[in-house]
Amino acid sequence: LIYSFINLKLQYEGIREEILAVTDEVLSSGVLMNGPKTDLLEFQLARRIDVPHVVCVGSGTEALEIIARFHKESFYGVTKTRPRVVVPALTYPATINAFISTGWDVIIGEVNSETGILDLDKIPTDNFDAICIVGLYGQPVFADWYLRRKEGHNKLDGKIINEDAAQHWLASDYSGAPIMKAISFDPTKNLPNYGSGGAIACWDEYAMNWFRMYRDNGKPHKNSYGTNSRISEVDSAQLLVKLKYLDDWQERRLEIAEYYCERFKDTPNIRVMMDKMANKAMHGLQKFVIEIDNRDSVRDLLLADGVECKIHYEQPLHELEPYSIYPGPTMIGAASALARRVLSLPFYPELTDKEIKLIADRVIHHVEHDNVHSAIANHN
């Protein structure tokens, strides 16, 4: 490939000596878990996103699972009661899996056709206990949802709001509102670990202490059960190195996003998902996604040119067999339509100006070329 969808080697080459140095420091210390590097990472992350508490865990999925378990036990006890949560149809299966595995019943909600975000007004029932927000591709969705609940929107009155913030935790519209969010350090994310890793951000000290206990099998008091969902000192040390560069990386992502938006604005057959949001500077900048006709053929043409693109996501949850038993939108809906039209472009800080220009050129060429030939074929 000439332009891979993501190139983690380039990032490593730029910080290699620092990564090796802190790795050696940790391994030489003999303190491999629950040590000062993890404490410092949690402190730095809390300061970065302006929340009182951050608890690091084994993955973003486990972060959401632990939040879901906390809410279920806090509000419904450890009985067989199964509360109901609404999750958006257009998301990665980890979102719904976190709630299924912790004893929730799930309603799959339709999404907004413009943004792909859970559409509050299309939830088919008021009989649910919680919702899960997903800021698809990094879109800053939180402030609007929190404001709607604060203003007494009848669908949110008295409901628990969860955040699967794996993609949008760096979006800048939180305003210090008290909500828990699950963060991911998956290698493809903006603050990428070299393996798995995640965190829970919260405002509640009681919840913070519960999360710390639960992630470490009930330690230190062992008066409650839990699991093993810790992050290692090596992971924490390496993430601390990357955290120093995060703002610079986000600034470069914004430059690339603005360039793509400018290049595509005069191509009517390309609809930029990021343009659905009013302020790109508030965006979490996790993925750059366009909406196009003939998506699969355009993707194949780009791959033949050496430009690797991905699809997020090819099937909404209600079309996947394991989740077909849960109530959800009809087959032909906004989530289904978007899943057949969205394409994620290469979008990482190490891309050069020349590379993003060439990628944009090929996208425009193939979208226009493919649509012209499709129109001729349909006419004939």
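Keep in mind that this is a model prediction, so the values were computed, not measured. Within every chain, residues take consecutive numbers counted from 1 along the sequence as written. With pLDDT at 70 or above as the cut-off, local features in this predicted model cover only qualifying residues; side-chain atom pairs require 80 or more to be listed or tallied, and sums for whole chains, interfaces and linings still use all residues. No hydrogens and no water enter the side-chain calculation; it runs on all heavy atoms of the structure.

Caption draft 1: Representation of the overall build of the chain. Numbered from the N terminus, helices here are DSSP runs of H or I no shorter than four residues, and strands are runs of E no shorter than two. The secondary structure content of the chain amounts to 10 helices and 10 strands. Summarising its shape, the C-alpha atoms of the chain cover approximately 75 × 55 × 35 Å along the three principal directions. Within the chain, the proportion of its 380 residues that are buried is 54%. By definition in these notes, contact holds between two residues if any of their heavy atoms fall within 4.5 Å. The long-range fraction of contacts in the chain, counting pairs at least 24 apart against all pairs at least 6 apart in sequence, stands at 71%. If you sum the accessible surface of the chain, you get close to 16,600 Å²; carbon and sulfur atoms cover 51% of it. One finds the centroid of the 41 positive side-chain charges in the chain at a distance of 3 Å from the centroid of its 53 negative side-chain charges. In this scheme, a residue with accessible area under 20% of its type's maximum is buried, one over 50% is exposed, and one in between is partly exposed, where area comes from a 1.4 Å probe on protein chains only. Note that accessible areas follow from Shrake-Rupley with a 1.4 Å probe, and for residues the cover is restricted to the protein chains shown. Charge convention: Lys and Arg are scored as positive, Asp and Glu as negative, and His as well as the terminal groups of each chain are ignored. Here the site of a charge means atom NZ of a Lys, CZ of an Arg, CG of an Asp or CD of a Glu.

Caption draft 2: Inspection of the pairing of strand E3 (residues 105–109) at higher detail. Summarising burial for E3: 4 of the 5 residues are buried, a large majority. Summarising the sheet, strand E2 (residues 84–88) and E3 pair through 5 bridges and their orientation is parallel. Looking at the pairing, Val86 lines up with Ile107 of E3. Think of it this way: DSSP has to see at least two bridges between two strands before they count as a pair.

Caption draft 3: Inspection of the packing of aromatic side chains at higher detail. In summary, the pairing rule links any two rings of Phe, Tyr or Trp, Trp by its six-membered ring, whose centres are within 6.5 Å, and it sorts them by plane angle into stacked for under 30 degrees, edge-to-face for over 60 and tilted for everything else. Using the criterion set out here, one finds 14 aromatic pairs in the structure. Ring geometry for Phe70 against Trp210: centres 5.3 Å apart, planes inclined by 65 degrees, an arrangement best described as edge-to-face. Linking Phe70 in helix H3 (residues 60–76) with Trp210 in helix H6 (residues 205–214), this pair joins segments that are 140 residues apart in sequence. Residues Phe70 and Trp210 agree in their burial class; the two are buried. Ring geometry for Phe70 against Phe211: centres 5.3 Å apart, planes inclined by 65 degrees, an arrangement best described as edge-to-face.

Caption draft 4: Representation of the environment of Gly328 in the model. Relative to the elements of secondary structure, Gly328 occurs in the loop between helix H8 (295–304) and helix H9 (334–339). Taking the relative accessible area as the measure of exposure, Gly328 reaches 37% and is therefore partly exposed. Residues Gly328 and Ile123, 205 residues apart in the sequence, show an inter-C-alpha distance of 8.9 Å.

Caption draft 5: Broad picture of unusual backbone geometry. Note that the residue after His312, namely Tyr313, is joined by a cis bond; omega there is 15 degrees. Along the polypeptide, Tyr313 turns up in the loop between H8 and H9.

Caption draft 6: Looking closely at the pairing of strand E7 (residues 198–202). The element E7 is largely enclosed, with a buried count of 5 among its 5 residues. Neither face of E7 is exposed, since Gly198, Ile200 and Cys202 on one face and Ala199 and Ala201 on the opposite face are all buried. Here 5 bridges tie strand E1 (residues 53–57) to E7, and the two strands are oriented antiparallel to one another. The partner of Val54 across the bridge, within E7, is Ala201. Relative to E7, strand E6 (residues 181–184) is paired through 4 bridges, and the arrangement is antiparallel. Note that in E7 the partner of Ile183 across the bridge is Ala199.

Caption draft 7: Fine view of the confidence of the model for the chain. What pLDDT expresses is the predictor's confidence in each residue, scored from 0 to 100. Residues at a pLDDT of 70 or more form 90% of the chain, whose mean pLDDT is 90. Contacts from residues 375–380, a stretch scored under 50 in pLDDT, to residues over four places away or in other chains number 0 contacts.

Caption draft 8: Main features of the sheet that holds strand E9 (residues 288–291). A sheet is described by the order of its strands in space; here 3 strands give the open sequence E8-E9-E10, paired in antiparallel fashion. Two strands lie at the open edges of the sheet, namely strand E8 (271–272) and strand E10 (342–345), each paired on one side alone. Pairing between E9 and E10: 4 bridges, direction antiparallel. Residue Glu291 lies in a different strand from E10, and its bridge partner there is Val342. To get an axis, fit a line to the C-alpha atoms, keeping to the stretch in contact for a helix; angles then go from 0 to 180 degrees between the N-to-C directions. Those strands touched by helix H7 (residues 233–264) are E8, E9 and E10, and its axis lies near 15 degrees from that of E9.

Caption draft 9: The arrangement of the sheet that holds strand E5 (residues 160–164) in detail. On the basis of which strands lie adjacent, the open sheet formed by 7 strands has the order E1-E7-E6-E5-E4-E2-E3 and mixed pairing. Each having just a single partner strand, E1 and E3 make up the two edges of the open sheet. Adjacent strand axes in the sheet meet at a mean angle of 20 degrees, parallel and antiparallel pairs treated alike. Most of the contacts of helix H2 (residues 36–49) go to E1, to which it runs at about 130 degrees, and overall it touches E1, E6 and E7.

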